[in-house]
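Commentary on secondary and tertiary structure
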Amino acid sequence: MSLTTLSGIKLSIGKDEKSLVKLAEKRLGKKPAYFAIRKKSLDARDKGNLHYLYTIEFGDEPPQKKETLASLPKSRLPEKPVLIVGSGPAGLFCALRLLEHGIPSIVVERGPCVEERAKKIERFCLERVLDFNGNVQFGEGGAGTFSDGKLNTQTHSPYNRDVLETFVQFGAPQEILWLQKPHIGSDNLKKVVRNMREYLINHGGQVRFDSLLTDVSIQDGQLRWAAVKDLKSGVEERIEPSALVLAIGHSARDTFEMLLARGVTMRQKDFAVGVRIEHLQSAVGLAQYGKAYTQLPAADYKLVSHAHERSAFTFCMCPGGVVMPAASEERGVVTNGMSNFARDERNANAALIAQVRGADFGSEHPLAGVEFQRKLERAAFVAAGSDYRAPAQRVGDFLQGKTSSAWGDVLPSYAAGTAFADLNGVLPLGVCESLKAAIVDMDRKLKGFACPDAVLTGVETRTSSPVRIERGEDLQSVSAKGLFPCGEGAGYAGGITSAAADGLRVAEKLFTLFGGENC
Ligand SMILES: Cc1cc2nc3c(=O)[nH]c(=O)nc-3n(C[C@H](O)[C@H](O)[C@H](O)COP(=O)(O)OP(=O)(O)OC[C@H]3O[C@@H](n4cnc5c(N)ncnc54)[C@H](O)[C@@H]3O)c2cc1C
């Protein structure tokens, strides 16, 4: 069987991809029995010559199928259940991989199922009634479910490809397998996590919603039991697990506090804070692609600035999306971004954030970063009228340090409502100076970035975990054998793909620990 791979194939904008098959036919001298796009990226370096670059693969028959999940070697069942806390990407992918090794697990999730969760988030947006366990941070699918579902990552984990293939297996668009910048979109993500849930349950796993890990017992460096409370009935159950996978995400502050009190070793971790910035998507398209932007998917950008001693950068850019109310705590206002697969909303938004570290937190305490976040979120809550609206400001006014009184061409999309406020009074001085220098500097790289009518909404604080829960080579907590810190919350991932990859990594470690052998 011979397969031919051709890379660097140019296709001008709007040209039908069928011509790629024609190219393969010409090369093979006959219609290829097997044809696949392996890579697709947009080359926008020269606005006068925008084109796609492809890598294609074709031949007489498809390549030999990679070992499917179903064919993974099975392990003997551990005597006690595997308990996975959190149904975000880390927890779900860990549960799926363990299942494929023949080990069904119990997934406990403090939040509701995705259907219920969507209703609670809608209620927060419309009535500003916040559910502390059913919101943009907490609930089935984890933090990323109400997101743009961007899957690109800077990590080079051997599991990244498995993550993409698993998402497709459960209903994500096929194109994520070959696009340079794959995204699923929040609309698809909700279906994908529901399909994963049903698969786990139909194959002997358990997924318990509205179930909160409230306590753990550690004796002589060994995890003994975990207490899980059913938030609907109030009943608390003690579970003695063979392993507890702690995939709780970066916003589980009450759980961080409980674990620290129980002697689980953790330390502060640097992160970044700032605002969400919004422009008209059309303006970003024009700046990135010129007039041809109307023929192309919504344009994105990624910018960094060292114009100030404290660097600033854009993060989690959501083309054709909205700013999401991402609070999970009382009297706190938090922003993040979301897009549906079509990315067809009026605005483009991204986090505009500056690095913060220990010196900014004013204490060595492992949870000082959490307190730092909380303080900013509370200040934003008060600045916007203490009703979960968010403080917002025109860029032009932010640069001059004055409160806006009217919007210009760009209207804020923060779904729970905004109030005019001067963000200079909400964020630390050092962060404001860094963002101001960055806005002017980034305008040189992306024309119109400093447009006075662009909108800033605050505050963006949950950019990554403020703690790291220390684990050893065996991926177990350094202070509690049997406890496996996993994913973003534990400080070992940043983003959907790397969190899911860390979940797969922990599952493979457990498979080995339970005596499983990879063929
Ligand atoms: C609005 C938004 C948009 C985002 N957009 C993107 C994007 O486009 N691309 C990207 O790569 N990343 C994005 N992210 C970040 C991404 O979502 C996270 O990096 C990723 O979800 C981390 O996965 P995780 O499984 O480690 O934790 P999480 O997804 O945070 O999941 C943790 C889960 O644990 C549960 N939990 C916490 N404490 C307990 C407890 N005590 N008991 C039981 N359950 C508990 C939580 O309810 C939650 O469901 C976005 C995040 C947000 C909030």
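Along each chain, numbering runs from 1 in the same order as the chain's sequence is written. Under the rules for a predicted model, residues below a pLDDT of 70 receive no local features and side-chain atom pairs below 80 are neither given nor counted, while totals for whole chains, interfaces and linings still include all residues. As a convention, hydrogens and water are excluded, and side-chain values are obtained from all of the structure's heavy atoms.

Focus on the overall build of the protein chain
Definition in use: Only DSSP runs of H or I with at least four residues qualify as helices, and only runs of E with at least two residues qualify as strands; both kinds are numbered from the N terminus onward. Neither His nor the chain ends contribute to the count of charged residues, in which Lys and Arg are positive and Asp and Glu negative. Where a charge lies is defined by one atom per residue type: Lys uses NZ, Arg uses CZ, Asp uses CG and Glu uses CD.
Each helix and strand counted, the protein chain has 12 helices and 22 strands in total. On the principal axes, the C-alpha backbone points of the protein chain span a range of 70 × 65 × 40 Å. Here the protein chain carries 65 positive and 61 negative side-chain charges, and the mean point of each set is 4 Å from the other.

Examining the packing of aromatic side chains
Note the following rule: Ring geometry is summarised as follows: Phe, Tyr and Trp rings, the Trp one being its six-membered ring, pair when their centres sit within 6.5 Å, and such pairs are stacked at plane angles under 30 degrees, edge-to-face over 60 and tilted between the two. Think of it in three bands: residues with accessible area under 20% of the maximum for their type are buried, residues over 50% are exposed, and the middle band is partly exposed, with areas taken using a 1.4 Å probe on protein chains only.
Applying the stated criterion across every chain, the model contains 11 aromatic pairs. Judged by centre distance (5.0 Å) and plane angle (65 degrees), the ring pair of F93 and F167 falls under edge-to-face. Of this pair, F93 sits in helix 2 (residues 89-100) while F167 sits in helix 4 (residues 160-169), placing them 74 residues apart in sequence. No difference in accessibility class separates F93 from F167, as the two residues are buried.

Looking at the sheet that holds strand 8 (residues 222-230)
Put simply, the rule is: What makes two strands pair is DSSP finding at least two bridges between them. Axes here refer to lines fitted to C-alpha atoms; in helices the fit is confined to the stretch in contact. Angles between the N-to-C directions go from 0 to 180 degrees.
Spatial strand order, 7-8-9: 3 strands in an open sheet with antiparallel pairing. Each edge of the sheet is formed by a strand with only one pairing partner; in this case those strands are strand 7 (211-219) and strand 9 (236-239). Strand-to-strand twist in this sheet, taken as the mean axis angle between neighbours without regard to direction, amounts to 25 degrees. Strand direction decides the pairing type here: strand 7 and strand 8, joined by 8 bridges, are antiparallel. When the bridges of strand 8 are listed, S217 appears paired with W225.

A closer look at helix 11 (residues 429-445)
Using the following cut-off: Expected helix span is taken as 1.5 Å per residue step, with the number of steps being one fewer than the number of residues. It only takes one pair of heavy atoms within 4.5 Å for two residues to be counted as in contact.
For helix 11, spanning 17 residues, the distance from its first C-alpha to its last is 25 Å, which sits close to the expected 24 Å at 1.5 Å a residue. V431, C432, S434, L435, A438, I439, D441 and M442 are the residues of helix 11 that are buried. Looking at the buried positions of helix 11, the neighbouring elements they touch are strand 12 (271-280), strand 13 (304-305), strand 14 (312-318), strand 17 (347-356) and helix 10 (395-400).

Concerning the side chain of R462
Inclusion rule: Pairing of N or O atoms within 3.5 Å defines a polar contact, subject to two protein rules: one partner must be a possible hydrogen donor and the other a possible acceptor, and residues neighboring in sequence count only if both atoms are side-chain atoms.
Note on placement: R462 falls in the loop between strand 20 (455-460) and strand 21 (467-469). Of the polar contacts made by the side chain of R462, one reaches the side chain of S251; its length is 2.9 Å. At a separation of 2.9 Å, a polar atom in the side chain of R462 contacts the side chain of E377. Every residue in contact with R462, bar those within four places of it in the chain, is listed here: Q137, H250, S251, R253, A326, S328, V334, N336, Q373 and E377.

Digging into unusual backbone geometry
Here the amide bond leading from G458 into V459 is cis, since omega sits at 0 degrees, within 30 degrees of zero. Residue R128 is not a glycine yet carries a positive backbone phi of 55 degrees. With respect to the element layout, R128 can be found in the loop between helix 3 (114-127) and helix 4. Its relative accessible area of 28% is what places R128 among the partly exposed residues. For C316, which is not glycine, the phi torsion reads 50 degrees and is therefore positive. One can find C316 in strand 14. Using a relative accessible area of 25% as the deciding quantity, one classes C316 as partly exposed.

Focus: the site of the ligand
We count it as follows: Here a residue is near a molecule or strand as soon as one of its heavy atoms is found within 4 Å of it. Only the protein chains shown count as cover for residues, and the accessible areas themselves come from Shrake-Rupley with a 1.4 Å probe.
In the vicinity of the ligand lie 37 residues, with E109, K150, T255, E488 and I496 positioned nearest. Here a nitrogen atom of the ligand sits 3.1 Å away from a polar atom, N or O, in the main chain of R110. Contact with the protein chains hides 96% of the accessible area of the ligand, taken as 1,000 Å² for the molecule alone. For the shell around the ligand, the elements supplying multiple residues, two or more each, are helix 2, strand 7, strand 16 (335-338) and helix 12 (496-513).

Some points on the environment of L296
Looking at where L296 falls in the secondary structure, it is placed in the loop between helix 7 (281-289) and strand 13. Considered as a pair, L296 and L177 are 119 residues apart in the sequence and their alpha carbons are 19 Å apart.

Thoughts on the pairing of strand 14
Two elements, strand 13 and strand 14, share 2 bridges in a ladder whose sense is antiparallel. When the sheet's bridge partners are listed, V304 is paired in strand 14 with F313. Hairpin connection, strand 13 to strand 14: the antiparallel pair is bridged by 6 residues.

Considerations on the pattern of salt bridges
What counts is decided by this rule: What counts as a salt bridge is simple: a side-chain nitrogen of Lys or Arg found within 4 Å of a carboxyl oxygen of Asp or Glu.
If you walk through the whole model with that rule in mind, you get 42 salt bridges. Notably, a salt bridge pairs D43 with R45, separated by 2.4 Å at the nearest N-O pair. Looking at D43, the relative accessible area reads 10%, which means it is buried. By sharing partners, the salt bridges in this structure join R253, E257, E329, E371, R374, E377 and R462 into a single network.

As for the packing of helix 2 against helix 12
Heads up, the rule is: By convention the crossing between two helices is left-handed if the near helix lies anticlockwise of the far one by an angle smaller than a right angle, and right-handed if it lies clockwise. Residue polarity is assigned by list, with Asp, Glu, Lys and Arg as charged and Ala, Val, Leu, Ile, Met, Phe, Trp, Tyr, Cys and Pro as nonpolar; anything else, Gly included, falls into the polar class.
Orientation of helix 2 relative to helix 12, taken along the N-to-C sense of each, is 35 degrees, at an axis distance of 7 Å. Classified by chirality, the crossing of helix 12 by helix 2 is right-handed. Residues P89, A90, F93, C94, R97 and L98 of helix 2 form the contact with helix 12, whose own contacting residues are I496, A499, A500, G503, L504, V506, A507, E508 and L510. Grouping the amino acids of the contact of helix 2 with helix 12 by side-chain chemistry returns 12 nonpolar, 1 polar and 2 charged.

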